[in-house]
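Chains, contacts and geometry: an overview
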Amino acid sequence: MSHVLVIGAGGVGSVAVHKMAMLGERFTKITLASRRLSSCEAIQKAVAERLGREIHIAQVDADNVMETTALIEKTQPDLVVNLALPYQDLAIMDACLATGVHYLDTANYEPRDEAKFEYHWQWAYQDRFAEKGLMALLGSGFDPGVTNVFTAYIQKHLVSDMKTLDILDCNGGDHGQAFATNFNPEINIREITAPARHWAKGAWVESPALAHKQAYAFPEVGERNMYLMYHEELESLSKHYPEIERARFWMTFGEAYLTHLEVLQNVGMTAIEPVLFEGKEIVPLQFLKAVLPDPGDLGKTTSGKTCIGNIVSGQHEGAERTVYLYNNCDHEACFAEVGSQAVSYTTGVPAMIGAALMLDGTWMQPGVFNLEQLDPDPFMAMLTQHGLPWQHVELDAPLSF
Ligand code: NDP
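Description of the structure in this document. (Residues numbered from 1 in each chain as written. Predicted model: local features only at pLDDT ≥ 70, side-chain atom pairs only at ≥ 80, totals over all residues. Heavy atoms only, no water.)

Structural notes on the site of the ligand
Going by this rule: The cutoff for a nearby residue is simple: one of its non-hydrogen atoms must lie within 4 Å of the molecule or strand. Throughout this description, a polar contact denotes any pair of N or O atoms lying within 3.5 Å of each other; where both atoms belong to protein, one of them has to be capable of donating a hydrogen while the other can accept it, and for residues adjacent in sequence the pair is counted only when both atoms sit in side chains. To be clear on the numbers: accessible area is Shrake-Rupley with a 1.4 Å probe, and residue cover counts the displayed protein chains and nothing else. Throughout, the ten residues Ala, Val, Leu, Ile, Met, Phe, Trp, Tyr, Cys and Pro are labelled nonpolar, Asp, Glu, Lys and Arg are labelled charged, and all others, Gly among them, are labelled polar.
The environment of the ligand is made up of 28 residues, and the closest members are Ser34, Arg36, Ser39, Ala62 and Asn184. In this structure, an oxygen atom belonging to the ligand sits 3.0 Å away from a main-chain N or O atom of Phe142. Compared with its free state, where it exposes 920 Å², the ligand has 94% of that area covered by protein. The residue makeup of the shell around the ligand, split by class, is 13 nonpolar, 10 polar and 5 charged.

Focus on unusual backbone geometry
Which entries qualify depends on this criterion: Only runs of H or I of at least four residues qualify as helices and only runs of E of at least two qualify as strands under DSSP, and these elements are numbered from the N terminus. Each residue's exposure class comes from its accessible area (1.4 Å probe, protein chains only) as a fraction of the maximum for that residue type: buried when under 20%, exposed when over 50%, partly exposed otherwise.
Note the cis peptide between Asp143 and Pro144, where omega equals 10°. Here the phi dihedral of Gln76 falls at roughly 55°; this positive angle occurs in a residue that is not glycine. When you line up the elements, Gln76 lands in the loop between helix H3 (65–75) and strand S4 (79–82). Overall, the relative accessible area of 58% leaves Gln76 in the exposed class. The backbone phi angle of Glu220 is positive, close to 65°, even though this residue is not glycine. Looking at the element boundaries, Glu220 is found in the loop between strand S10 (213–218) and strand S11 (222–229).

Considerations on helix H4 (residues 89–99)
With 8 of 11 residues buried, H4 lies mostly within the body of the structure. Just downstream of H4, Gly100 is the residue with a positive phi angle, here 75°.

Some details on the side chain of Thr306
The following threshold applies: Whether two residues are in contact is decided by their heavy atoms, any of which lying within 4.5 Å being enough.
Here Thr306 lies in strand S15 (residues 305–316). Residue classification places Thr306 among the buried positions, given a relative accessible area of 2%. Thr306 has contacts with Cys170, Asn171, Gly172, Val221, Asn327, Asn328, Cys329, His331, Ala342 and Thr346, leaving out every residue within four places of it along the chain.

A short note on the pairing of strand S7 (residues 161–171)
Where we set the bar: Any two strands with at least two DSSP-identified bridges between them are counted as paired.
S7 sits mainly inside the fold: 9 of its 11 residues count as buried. As judged from the 6 bridges shared by S7 and strand S12 (residues 246–252), these two strands associate in the parallel manner. Of the residues in S12, the one forming a bridge with Thr164 is Arg246.

Some words on the side chain of Gln88
Looking at the secondary structure, you find Gln88 in the loop between S4 and H4. By relative accessible area, which is 9% here, Gln88 ends up buried. A distance of 3.0 Å separates polar atoms of two side chains, one belonging to Gln88 and the other to Asp63. Ignoring any residue separated from it by four or fewer positions in sequence, one finds Gln88 in contact with Ala62, Asp63, Asn82 and Arg112.

Topic: the packing of aromatic side chains
Here the distance between the centres and the angle between the planes together describe a pair of aromatic rings. Basically, it comes down to this: When the centres of two rings from Phe, Tyr and Trp lie within 6.5 Å, Trp using its six-membered ring, the rings pair. Their planes under 30 degrees apart give stacked, over 60 give edge-to-face, and anything left gives tilted.
Under the defined criterion, the tally for this structure stands at 15 aromatic pairs. Seen in terms of ring centroids, Tyr125 and Phe129 are 6.3 Å apart; in terms of plane orientation they differ by 55°. Their pairing is tilted. Just as Tyr125 is buried, Phe129 falls in that class too. Both rings, one in Trp199 and one in Trp204, keep their centres 4.8 Å apart while their planes meet at 65°; by these two values the pair is edge-to-face. Look at Trp199 and you get buried, because its relative accessible area is 15%. Joined through ring pairs, the aromatic side chains of Phe179, Tyr227, Phe253 and Tyr257 make up one cluster.

Concerning the sheet that holds strand S5 (residues 102–105)
By definition, the strands of a sheet pair up through backbone hydrogen bonds, in either a parallel or an antiparallel sense. The cut-off we apply is this: Every angle, taken between N-to-C directions, lies between 0 and 180 degrees, and every axis is a line fitted to C-alpha atoms, over only the stretch in contact when it is a helix.
Taken together, 7 strands build an open sheet; the order of strands is S3-S2-S1-S4-S5-S6-S17 and the sheet is parallel. The open sheet has two edge strands, strand S3 (56–59) and strand S17 (367–370), and neither has a second partner. Ignoring strand direction, the axes of neighbouring strands in this sheet form an average angle of 20°. Across the sheet, H3 is in contact with strand S1 (3–7), strand S2 (29–34), S3 and S4; its angle to S1 comes to roughly 155°. The sheet contacts of helix H13 (residues 342–359) involve S4, S5 and strand S6 (135–138), and relative to S5 the element is tilted by about 160°.

Nothing here speaks to function; it is all geometry.
Take a look at the structure:
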C-alpha cells in the first residue's frame, strides 16, 4: 500500500499522475493537489476516462507551508511529489519535514527575484532530512534527472574514468505555433536568457547567453543548431564526479524561436523585476506567460521527436572510449498515450520512476540526494519498461568542438 500526494497539476503533473495510475500495484492511492482545483479536476477526468482509475484531488497554495502541512496531515501520504514550480520547493520540503513525509521534485529551488539554478538551498536540508529518517530526491525529471542517471550508468558500465561530459538536449518537434515554450514559459525563459556556464578544470567558465552555437546531427531527428547553456545538473555532476575535466550542456533552438525571444528581451518582456502598471506591480515575464500558449495544450499539434542524451569521453579498461547514450521520444506517441507532448512526458515519466523506487525501498535512504548518487540500474530498467527506451553508440573520437 502506498499513497502519493502530487502537488502541481500542470503538464508534467498530468503525465506523472497518468503513469502512476497505470501502476496500480505500486501507487495504490494518488492524490493530486494544485493552486486551482479546476486544474486537478481536468486531470482527474482525463485519468478516469483514459484509464478507468479514480484519483483524489485537493486545493493547496504550496507557497504556504501551513496550508501544505495541513493537507499532508489530512491526506497522510507516504511521499510528496512536487511538480509545481521551483519557487515552491523549500516550502514543500519544510512541510514534509513538519509532517515526517518523504519528498521528490524535478527542478531546483529558485528564488523569484533572481535566476540562479543552484542546489545549495536544498542541499542545506541534508541534516534535517537525515535526522528525521526522511529522503528527499532532487531533480527526478529528464534533465536534470535521466541525464544524471545516464552519467552514473556510463561511469558504472561504459567509461569508468570519465574526462568530458556533454549533455545534448534536442527538441526536434514542431508545434505549429509562432512562439511557445515546451514547459512552463516563465522557468524556460529564465533558463535560456541566463548567462551560459560550463565546468572546465575545476572552475566555472561564464559566457553570454546563446553565444556559442554548434550544429549537430541528432539520431532520428537530423541536424539542428544547439547552444551552450547553463543547466542545473552540471552543478551536482561536477560535485559528485570531480574527475570530469569538462562538463557542458547544450540545447537546440530554431531561428524563429530565438528571433522572438530576442525581440521580447529587447522590449523588456522577459524581465523578472516587477514594473508598475496602472498602479499595480506586475512582473513582465509572468504577464508574458499569461499570453503565451499553455505548454499543456501543445500536445494536440506537436509532431516530431526529442533526442536527449550524454556524450562522455574517457578511459575504460585501459583504452580511450567515447559513448553517446540517449533517448528518442515521439511527441505524437506521447499524446496518443497520455494526452501530452514529449517534453512533459520525458519529465513526468522519470518523476513516476523516482517515486516508485523510493516507495518500494530500492532507492529509499535518509538524506537529500541527486539521482547520480543512487544505483542507476533499476532506474534504467524502468525507463525502458515505461516509455523512455534508451540506447548507446560508440563514437570514433571525443567531440572536436
Ligand atoms: P506548469 O506551469 O504546466 O505546471 C505547474 C503547476 O504548478 C500548475 O498547474 C500550477 O497550478 C501549479 N502551481 C503553481 N504555483 C503553485 C502553488 N503556489 N501551489 C500549488 N500549485 C502551484 O509547469 P510544468 O508542468 O511544465 O513544470 C512543472 C515543473 O517541472 C517545474 O518545476 C519545471 O521547472 C519542471 N520541469 C523539469 C524538467 C526536467 O527535465 N527536470 C523539464 C520540464 C519541467 P494551477 O494550474 O493549479 O494554477
